[in-house]
Each structure stands twice: as C-alpha cells, then as structure tokens.
There are 2 protein chains.
Amino acid sequence: MKYSKIEDNILLTIRPKQEERDRVESVALELLAEVDRSEDATGMVVGSIARDTWVSGDRDLDVFMLFDPSVTREDLEKKGLSLAKEITARFGGVPVEKYAEHPYINTNIKGFDIDLVPCYNIRSTANILSAVDRTPFHTRYIKEKVTGLTDDILLAKRFAKSCGVYGSDHMTEGFAGYLCELLVYHYGGFGNFIKAAASEWKPGLVIDIEDHRTKDFDEPLTVVDPVDPGRNVAASLSASKMAEFSEYARGYLEMPSEIFFEVRKKNALTEEEFKEIIAERGTSIHAIVFKTPNAIPDIVVPQLRKSVLGIEEMLERNGFSVSRYSEYMGEDNCILLFELLNENLPGIIKREGPPLWNRVHAEKFFHKHLGNTYAGPYIENARYYVEIERKYKNSKEILNSPEVLQSGLGRHVRKSMNKGYNVFSGEDCYSEEFSVFLHDFFRKYSPFAEIYNDIINK
Amino acid sequence: MKYSKIEDNILLTIRPKQEERDRVESVALELLAEVDRSEDATGMVVGSIARDTWVSGDRDLDVFMLFDPSVTREDLEKKGLSLAKEITARFGGVPVEKYAEHPYINTNIKGFDIDLVPCYNIRSTANILSAVDRTPFHTRYIKEKVTGLTDDILLAKRFAKSCGVYGSDHMTEGFAGYLCELLVYHYGGFGNFIKAAASEWKPGLVIDIEDHRTKDFDEPLTVVDPVDPGRNVAASLSASKMAEFSEYARGYLEMPSEIFFEVRKKNALTEEEFKEIIAERGTSIHAIVFKTPNAIPDIVVPQLRKSVLGIEEMLERNGFSVSRYSEYMGEDNCILLFELLNENLPGIIKREGPPLWNRVHAEKFFHKHLGNTYAGPYIENARYYVEIERKYKNSKEILNSPEVLQSGLGRHVRKSMNKGYNVFSGEDCYSEEFSVFLHDFFRKYSPFAEIYNDIINK
C-alpha cells in the first residue's frame, strides 16, 4: 500500500472529483480562448490547477497572457491590463487592478478567483524581463515531473496547511505550493518527504535537483529552482517555520492521525479569559493600536515587525524589561503588543559615559554631570558613569510619550500613527478584533503541542 | 623653578627630616649587623627606605636575609625563620609569622614595622629561585637611577596615595611604589609624568626602559621590569585605576591645589543618611553579611569579588535585574551588597529549550513540559520555549534560599558562609562597620569629582 489508511481517507476528501475537474477545465478553456482571440498574446493556465496539484475546493485559477519580448514594458502593462479588463467584461466579472511587480487583474468569474496576468513569452529563464516570466517555466517543469505523485503533493500541501506553514507571504513565511511540489518530487513521495523533515532536516540543508546552482544561499533551507540556478525557491521560509514543519512531521510519525490534515478553526479569547490570563501572569501588558495602513499585507507586515522591534528596543533602552512582544495586521486596525516584567522602575538610572581615554568627550561629560547626580561621575572599567534621575518610571507613561513616534517605525506605520493611535494597558488591551491574535499570543503553542492534547483526549 | 609653589609646600611636609633619616638609618644598621653576625646570611635593606624614596612618617623597614643558592628551599625557610626570630628576640620584639610565597617574620621594633624576609642571593634574575629574590635587584636598580629624582618620586607616591590608587594589592589594584619610581624615572620627573598620564595615556601603553622585553603583556599598562624582561611591573594595575589616575592628573593640571596631595579621611554614612538615600533611589537593596575568613586580604578580596559576581549571575539568571553590586572585607565581617531594580517579579518565567534540530533533547523537553505551562512548548527561531511558573518571585525570597550557597562562591567565603550568614534588606542593610563602604557605594565619585566641589567651595 502506498498510503496509510489515514492518508487514503484524507485523499478521498481532498482529491478533486471528475465533475469539479470538468468545471475548472471548461472555465479555463473559455478564458484561454479569449486570450488567444487577441492578436497580442497567447494564453496559458499556470499554478496548481494547470499542474494538477490542486486540492478539492480550490478556487484559484491563474491565467497568464504571454506577450512577445519585443513589446515594451509600458505596452505590456497597458495592453495586458486592457486585454484582461476586456475578458473580464465579456464574462460579466468586475475587474480589480492589483500590483505585484507590475499590474494585473483579479476578478471573480463563475465562482472562481481568477488572476489575469500579463508576462513575456521568453525562451529561457536567463532572459527574464519581468518577475512573473518565471511562472510558466515552473508550470512546464512540474507538469513533466508529477506523474504518479499528484496525490502525494495534495497530501503535502494539506499537511503544511494544517501545520499553519503553507504560503510564502510575509505573514506566513512558510512553504509555497511550488516548494511543496519540488520537495515531494525530490524525496519521491509524501511519506519519504515527511520522514526526512522529521529526522534529517536542519538549517543549512541544500536541495539542488538539477545540480546546477550558481551560488550559495544563506537561508535556513535552500531548494535551488530547477528552472533558475540563481534562485532559492525556499528563500522566504523562516527557520521557525521550517522547525515547526519538522516538529509536525515528527508528531505525525509518533502518533498518526487525521488531525494532522485538518484545517482547524482559529481559537479566540473571550474578554473573561483574557482578564484571567493577565491576572495570573502578573506582568505589565500594553497595546498600541492604529488604523491599518492602506497597502497589501506583504508591505505592511514587515513594517509592523520593524515597528514592534523599534519600540521594544526603546523600552529596553529605558530600562523596561520586555518579556514578549508581537504584532498583528487586522482588517481595520493593527496592534503592537508588549508584555513587560514590571510596570514601574526606580527613580535612578545609570548612564554610561565615554571612556576616560576619549579625553574631549570625557571632560565634557564630567563637567556636564558634576554636582547634579545621585552618584558619579565615577569610573568603572575606565569609563565614566553617572546615576541620574530616570526620565520614565512607569511603562504607561513612556508608551504615552513622544518616544514612541521617535522609535524605529516602518514608513506606513509611522504615517498611520501620525494620524493617531491609542495606547491600552492591562485589561483594556482586549478587543473582539484581536481576540484570535491575543489567543495565539498568550496560549502560544507549537503546531504539534496544539493538537497533542486533542489527539490524547480523542 | 623645578616645582610649583604647591609642590614645594607639599615637599616640605613629606620629605623626611635629617633627624628622621638618622633614626631609620641607625635601626637599619643595627638590624643588618645582626643578620651579618650569623654565618648563614647577608643582610640587605630593601624597599623605599633603602632607595631613599620614602615619605616622612613611613614606618615600613624591609630587611632581607640573603642566603647562598646552594641552601635547599626547606633549609632557607627553616634557617630564615629561626634567624629572624632570634633577631626579633634580641631587640625585644614579638615575631609574627607571615606568608607570601614562603614564610617571613613581621615585628615591631623601636616604632618601626619591620619585615625580616629570607631570600636567595642570586647573580642574575634569570636564576630566580623564590619570588622575593627579585627585590634586591629592584633596590639596586633604583638606587642607581634616582639621583636628582627623589623629590619627584615622593610627590608621585603622595599624589597616587591621595588619588586612592597607591598599592598593588588586590583591594587597591593600583600603583606599587616601585612602579611609581620607574614611571618618574622614565618620564624624567613628576611634572612630565603627570602631563603624560593626563594627556597621552590609554590602555595598551608599553614602557620598556631597558628595551629588552621578551614577550607581550595584555594588561592595560605594561612597564617592563628593568631587571626582568619577562615581567610586567604594572600587571596588577586595573584599567579603572589607571583611568582614575589619569583623570586625577588631568584635574590637577586643570586646577592645581594641595588637595591633590592630601590623604583625606574616608567619609561615612550615618544611619539617617542611609535611610534617606534608599528612599530616594527607590531600588531594592540587599546585603549578605558573614564572618571575615581568617586569611590575608590578598586571598580574601579576590574571593569576595568572585562570590559577589556569582550571586549577581544567579540573580540575573532568575530574572532579577541587578543595577549595581559590590563587596567589602571588614575587620570582623564581610559584606556582599546588591541593588536590584525591582523587589518583585511576575509569576511567569520564559525558559529556553533546545533547538528543534537537536531531536533527542527537543522531544524530551517537549514531553516534559506539555500540558504543564502558561504557554508552550512553542517555537521561536527554531528553538523550543515554555513559559512556566517562576520559582522566586521576590528578591528577599531568593536571597534567603539555598540558591545563594549554590552560586559560584570563593572557597574561603563558602567556608565562612557555611557556618552562617545573614541577609539584610532595605534599611536593615546599615551597620556602623560598613558605614564607609556604604558611603563609597552610594556616593560613588571618581577621585577628581570627589574633590572638585571641595576646591570650588574653598
């Protein structure tokens, strides 16, 4: 038997039925015909539907419009968009203009979430003109290799999704669909892939299927793109997510269960639970909340990370010990959450001055502080120190001070916060909008730990 | 004029008068005669009295008893001690046996504090048999070089003493008398020495008068011993004390005053002042007090430093933020003093587990903590973490726990503390015995800062 009973059961639910296939295919063919009707471009279905590696229920249909490389970039964008809008109109869809490296059209036609993307029809990835030009090559490569492995790929994608590591966006930092496909192909099936992840993986792993890489990559996992020797397909996979996947695989082998393929509902905290938690932790909890900037998550999320870290550093610099921090981009509002060990700090603060050997600065520091300190200037390890009055003795005080806006914030975050933001403390940090985020922050578990008890209790 | 008015005035008070010289010389000659009367050894006066570099009022007279190198080490000690005791008896002194590298006799005769030290009469420092064999060479070298510089040396020694950095013992970590002599000789006088210290010194400075060093030293200041190319005379000078001296010299040049040569009385805190200080600082202050171990300061002081650091590390490891710490060896009791930013810590503590890639330990950690945490096991940077209940939430509690004796303590300290120790907190940390130490801890100033206000207010 190639698959376990569990895996067979899962495949029955995730493998698309013939009827579903027929529907997708007919919509795809209609769209392709429309592209081909134009004189400028040739249509091509890409993505998991083209590669037969899609999971039942998937509604994402990606249609590329391939233009001749002689077309200028400006014309590609103009003609691409106008063609995409024409097609959308013909099917009665509403075109939404989106932007990756260049503009494309997203729309909903016959129940499918459709992207219509212009790109160049190049001969080789060495001649790439726009970032999406690589995609058709991925589709051709995988189509050639997946024979006999489609079910394995479905299992792998569903397993990664259940683990919470499916997707290469900045919020997830996990496994792209193409990466799952390459890993299953490399290991020769779902079972071997999981076994390797559970027992052999560690950072620095390099997989180079075509043995053609032209450089070294410094990400935790390197999977050299078979169609582009200078690209790491796993570039956006973080070490943590790689570890979480590895742990999930270990857990699955330790106690196999269908739970490892379930896409579970996210838990949320009630206000009551939140109050209990902060009482039992005894820490000092604060939230900075502001309107979500008007930009895509892949732009905003890294800026939230930068901002939460900038404020964390500001707090530490002022003597507050930050136990944990996190950030979340909600539909309407963003939150930066901080947990400090203590609410208050003593009245004095020790300030490091220049080394005695830096005579000009040392003399300046000496005369500036003399007679105006709790202690010092004194000398320790050949440096001047003073103990002076602490500026911020209370964590609420500092988080409501101008120091926050002077921290290292992301550009969009600063822009939004300049228009206004709220600082909440303790029980006031709770809001419905962030109830799932707050659950994940305080009831933080690794993917396997999260389901371990469920399995045990079944 | 070679010296300033201030320096001339100081010299009048510190230069020994003829009468004082005559008395020292007569005592020294009597002692030498007694050594020479024995058939085993030859007498030699060493130290600052022999070198004419002593300050009026000095009462330290060092007489070495030079034995032939053919004498065994055992015999040197036996014969040396018995001869010293004989001489002591002849003058009606009480012999006190002391121990540096080997035993010697300390006694008080005719108002002088006399050391009678056995050593080998070697030809060259290349043939050193015992650590003190080098001393006669130092005396001979300096006697040859000091002509015209004795007053400069007196000023330098008194200046260093006023600064609090005179002495190469472990408590002071400052300038030995021999080091002062060499520095004055090297710079060609007190004035140039002070100017160099004020404006040119920085760590890594190497002074090699005989240009014969056989290796590199990594101490902040290197002054190669003119009689031993493999030894750094400044080895025990700490970077802090070197900086303090440099600052003091800068201060003296900035505002010359006799204060820079005064040996000032140490200030002490009253109990009232102490109470005011700790109230105004708002920190959490604790003292560990125990009987002073029965050993010389050069043994005990480094062990106190090790112990205070060991306990400081234990506190930090348990989440307490130590703002400052210090140690002091009193006549009867020793004190280890800690100032923490906060008295209390929250109920949770974050514990770092193994990296996920260390599979055996990771699985053990996972199963140990699962279901038994505030949060986790969770994954961060590919490592397991848990949040569990903090063992010690209060600083008094941890300092009264067995953790203290399990910290990295010095041997003699541990022995004394095993017999009993007290932990005091807040106002209870005060005691008369430590009133000077507490002053220096809380009213901590660099030497120049300490006298700056005095000068200004004069």
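Residues numbered from 1 in each chain as written. Chains lettered and ligands numbered in written order. Predicted model: local features only at pLDDT ≥ 70, side-chain atom pairs only at ≥ 80, totals over all residues. Heavy atoms only, no water.

Caption draft 1: Summary view of the UniProt feature "binding site: Mg(2+)" (unreviewed entry) in chain A. All names here are of chain A. Residues annotated by UniProt as "binding site: Mg(2+)" (unreviewed entry) correspond here to Asp 60, Asp 62 and Asp 115. Spanning 56 residues, the named residues nonetheless gather at one spot, since no C-alpha pair among them exceeds 7.8 Å. If near-sequence neighbours (up to four positions away) are discounted, Asp 60 is found in contact with Ile 49 and Asp 113. Looking at where Asp 115 falls in the secondary structure, it is placed in strand β5 (residues 112-120). Sequence-distant contacts of Asp 115, defined by excluding residues within four places in its chain, comprise Leu 61, Asp 62, Val 63, Tyr 104, Ile 105 and Asn 106. (UniProt positions renumbered as here; feature names shortened; annotations may be inferred. Contact = heavy atoms within 4.5 Å. Helix = DSSP H or I, 4+ residues; strand = E, 2+ residues; numbered from the N terminus.)

Caption draft 2: The side chain of Glu181(B), seen in detail. Residue and element names in this part refer to chain B. Within the secondary structure layout, Glu 181 lies in helix α7 (residues 177-187). Residue class for Glu 181 comes out buried when judged on its relative accessible area of 1%. Glu 181 has contacts with Ser 48, Arg 51, Thr 53, Ile 142, Ile 153 and Lys 157, leaving out every residue within four places of it along the chain. (Buried < 20%, exposed > 50% of the residue type's maximum accessible area, 1.4 Å probe, protein only.)

Caption draft 3: Quick look at helix α9 (residues 239-254) of chain A. Its 16 residues place the ends of α9(A) 22 Å apart at the C-alpha level, agreeing with the 22 Å of an ideal helix rising 1.5 Å per residue. Across the 16 residues that make up α9(A), a large majority, 13, are buried. (Expected span 1.5 Å × (residues − 1).)

Caption draft 4: Expanded view of the sheet that holds strand β9 (residues 284-291) of chain A. Residues and elements named next belong to chain A. Strands sit in the order β10-β11-β9-β15 across an open sheet of four strands; the sheet is antiparallel. Strands at the two margins of the open sheet, each flanked by one partner only, are β10 (322-329) and β15 (422-425). Direction aside, neighbouring strands of the sheet carry axes that sit 15 degrees apart on average. Bridge analysis of β9 against strand β11 (residues 333-340) gives eight bridges, and the strand direction is antiparallel. In the strand pairing of β11, His 286 is matched with Phe 338. (Pairing = 2+ DSSP bridges. Axes fitted to C-alpha atoms, helices over the stretch in contact; angles between N-to-C directions.)

Caption draft 5: The arrangement of the interface of chain A and chain B in detail. Listed as interface residues are 61 residues of chain A and, on the opposing side, 61 residues of chain B. Taking both partners together, chain A and chain B bury about 4,900 Å²; carbon and sulfur atoms supply 55% of that area. Three residues stand out in chain A for area buried against chain B, namely Arg250(A), Trp357(A) and Arg359(A), and they jointly supply 14% of the buried area on that side. For the interface between chain A and chain B, the tally reads eight salt bridges. With a closest N to O distance of 2.5 Å, Arg324(B) and Glu387(A) form a salt bridge. In this assembly, chain A and chain B are joined by 34 residue pairs in polar contact (both at pLDDT 80 or more). Sorting elements by how many residues they give to the side of chain A that touches chain B places α9(A) first, with nine residues. Here the residues of the side of chain A that touches chain B sort into 28 nonpolar, 15 polar and 18 charged. (Buried area = accessible area lost by both parts, 1.4 Å probe. Salt bridge = Lys/Arg side-chain N within 4 Å of Asp/Glu carboxyl O. Polar contact = N/O pair within 3.5 Å; in protein donor to acceptor, adjacent residues only side chain to side chain. Nonpolar A, V, L, I, M, F, W, Y, C, P; charged D, E, K, R; others polar.)

Caption draft 6: Looking closely at the sheet that holds strand β13 (residues 375-380) of chain B. Residue and element names in this part refer to chain B. Read from one edge of the open sheet, three strands run β12-β14-β13, paired in antiparallel fashion. One side of each edge strand has no neighbouring strand; the edge strands of this open sheet are β12 (348-355) and β13. When the angles between neighbouring strand axes are averaged without regard to direction, this sheet yields 25 degrees. Bridge count for β13 against strand β14 (residues 383-389) is four bridges, and the pairing is antiparallel. Pairing of Ile 379 across the sheet is with Tyr 384, part of β14.

Caption draft 7: Spotlight on the packing of aromatic side chains. Residue and element names in this part refer to chain B. One pass over the full model with this rule turns up 60 aromatic pairs over all chains. Geometrically, the ring pair formed by Tyr 328 and Phe 437 is stacked, given 5.4 Å between the ring centres and 20 degrees between the ring planes. Linking Tyr 328 in strand β10 (residues 322-329) with Phe 437 in helix α15 (residues 435-442), this pair joins segments that are 109 residues apart in sequence. On the basis of relative accessibility, which here comes to 31%, the residue Tyr 328 falls in the partly exposed class. Phe 437 sits in the buried class, given a relative accessible area of 8%. Directly above the aromatic system of Phe 441 lies the positively charged group of Arg 324, at a separation of 4.6 Å from the ring centroid. Between Lys 350 and the ring centre of Tyr 385, over which it is positioned, the NZ or CZ distance is 5.1 Å. (Phe/Tyr/Trp six-rings, centres within 6.5 Å; stacked < 30°, edge-to-face > 60°. Lys NZ or Arg CZ within 6 Å of the ring centre and 35° of its normal.)

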